[in-house]
Structures are given as C-alpha cells and as structure tokens.
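Residue-level structural notes
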Amino acid sequence: MPVNLGLDFQQLSGTLIAIISILSAIGIAVWIALTIWTFRDMKARSRDTFGQILAALVVAVLSIPGFLVYLILRPRETLAEQYERALEEEALLQEIENRQVCPGCGHATKDNWRICPYCHTKLKKECTNCGELLDLPWKICPYCEIPQMEESRPARHQRPQPYVPSFDDIGGESL
Ligand SMILES: [Zn+2]
Ligand SMILES: [Zn+2]
C-alpha cells in the first residue's frame, strides 16, 4: 500500500505541475497580450509617446489591476473619432454661417430675395450693368467686374469734395 500511495503522490504532483505550468503559460500570454493591446489602444487615442509607454508599463507592471485602471483612465475618444467629431462640428458651424437671415428682423431669408418681406429691409442690390443680385456692401460686380455706384447712400455724394487741381486745370491756367 505505501508503494501505491507514493506512486499516486508522484502522479498527483506531476499532474499538478502540468496544470500549473499550463495556467502560468496562459497567464503570461494574456499578460503580454494585454500589454500590447494597451500600447496599441493608447496609440490610437493619443499622439503622446510618453503616455503610450506609460500606459503599457502600468499594465506590464500591475497586470490585470493595471489594465482595469487603464480602462477607467484612458482618453474617451480615439484620434479618428476626435477628427470625425471636429469635421462634424465644422460642417455644422458652416451650415449656421451660411444660413441667411435678415439683418433687420432676424427672419430666415433666401439667396435671391431683394428685400425682407417681414420688415422691408433691403437685402440685395442689382448690378447697375448686368442686373445680377449683389450683396449691399459689394463695390464691384463679381459677374461683370463693373464698379457699383453707392445709390443707397445719396448723402455721401452731396458732401463737398476737396478741390484737387487736375492736369487739365494746370495746363489751362498756364495757357
Ligand atoms: Zn427683416
Ligand atoms: Zn454686373
């Protein structure tokens, strides 16, 4: 019987050692995989090389608890997601900027309206040459390149202009 028991013990310890070595191999593989995964994941979320190495180090040293800490503290968005969100925000801003509103009453207006139907504010002027609709501050027509007279502000034309002798005047005086 003692011989049998000794054999059993040897078998048992052999099996135990096999199980332990398999488990530790799996543990080491998981540990390495987690460390590499953390490094790659951090790389996708931050351009900071120091941060990438630090995150991988934390997981390498602390193993699963370190991985849990990383999962809690990692940047919420990947760089790709950040970029996408920035593009979306920019598109939204552009849309808001492009939406036309009446400067007088704030109602939405359309591109080809000359006057606001709500408060009668003048929105556009016609080109004196080709008749295309122009924004009020434009001083030249972008369609036909003709400079625009400021018809909306006649007061300016009545202001006396300082006298500047032209070449003809000087020539006429000397004759
Ligand atoms: Zn208006
Ligand atoms: Zn024109």
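1. Details of the overall build of the chain
The number of helices and strands found in the chain is five helices and two strands. What you see in the chain, going N to C, is helices and strands ordered as α-α-α-β-β-α-α. Buried positions account for 7% of the 175 residues belonging to the chain. Across the chain, the fraction of contacts at a sequence separation of at least 24, relative to all contacts at a separation of at least 6, is 18%.

2. Describing helix α2 (residues 49-73)
Between the first and last C-alpha of α2 there are merely 17 Å, a value that for 25 residues lags more than 12% behind the 36 Å anticipated at 1.5 Å per step. Within α2, the axis deviates most sharply at Ser63, by approximately 145 degrees, and proline Pro65 lies no more than four positions further along. Residues Ala55, Ala56, Val59, Gly66, Phe67 and Tyr70 constitute the buried set of α2.

3. With respect to the nonpolar core
Met42, Ala55, Ala56, Val59, Phe67 and Tyr70 form the largest nonpolar core, which has six residues in total. The element contributing the most residues to this core is α2, with five residues. Each residue touching Ala55, except ones within four places of it in the same chain, is listed here: Thr38, Phe39, Met42 and Tyr70.

4. Side note on the confidence of the model for the chain
Of the residues in the chain, 81% have a pLDDT of 70 or more, and the chain-wide mean is 85. By mean pLDDT, helix α4 (residues 155-158) is the weakest element of the chain at 44, and α2 is the strongest at 93. Confidence drops under pLDDT 50 across residues 152-160; counting only partners more than four residues distant or on other chains, this segment forms four contacts.

5. Remarks on unusual backbone geometry
Even without a glycine there, the phi angle at His120 is positive, about 65 degrees. Inspection of the secondary structure puts His120 in the loop between α3 (79-98) and β1 (124-126).

6. Topic: α3
Spanning 20 residues, α3 covers 28 Å between terminal C-alpha atoms, matching the ideal 28 Å at 1.5 Å per step. Burial analysis of α3 places just zero of its 20 residues in the buried class, which makes it a mostly uncovered element.

7. Describing the environment of Val61
Secondary-structure assignment places Val61 in helix α2. When the C-alpha atoms of Val61 and Thr35 are compared, they prove to be 9.3 Å apart, with 26 residues separating the residues in sequence.

Reading the values: rules and limits
Along every chain, residues carry numbers that run from 1 in the direction the sequence is written. Chains carry letters and ligands carry numbers; both start at the beginning, A for chains and 1 for ligands, and go up in the order they are written. Only residues with pLDDT of at least 70 get local features here, since the model is predicted, and only at 80 or more are side-chain atom pairs given and counted; chain-wide, interface and lining totals rely on the full set of residues. Numbering of helices and strands runs from the N terminus, with a helix taken as a DSSP run of H or I at least four residues long and a strand as a DSSP run of E at least two residues long. Residues with at least 20 other C-beta atoms within 10 Å of their own are called buried, those with 12 or fewer are called exposed, and the rest are partly exposed. The C-beta atoms themselves are positioned from the backbone. By the convention adopted here, residues make contact when the C-beta atoms placed from their backbones lie within 7 Å. Given a helix with a known number of residues, its expected span is that number minus one, times 1.5 Å. To get the bend at a given residue, fit one axis to the seven residues ending there, fit another to the seven starting there, and take the angle between those axes. For our purposes the nonpolar core covers buried Ala, Val, Leu, Ile, Met, Phe, Trp, Tyr and Cys residues that link as a set through C-beta atoms within 7 Å. Every residue is assigned a pLDDT by the predictor, reflecting its confidence on a scale from 0 to 100.

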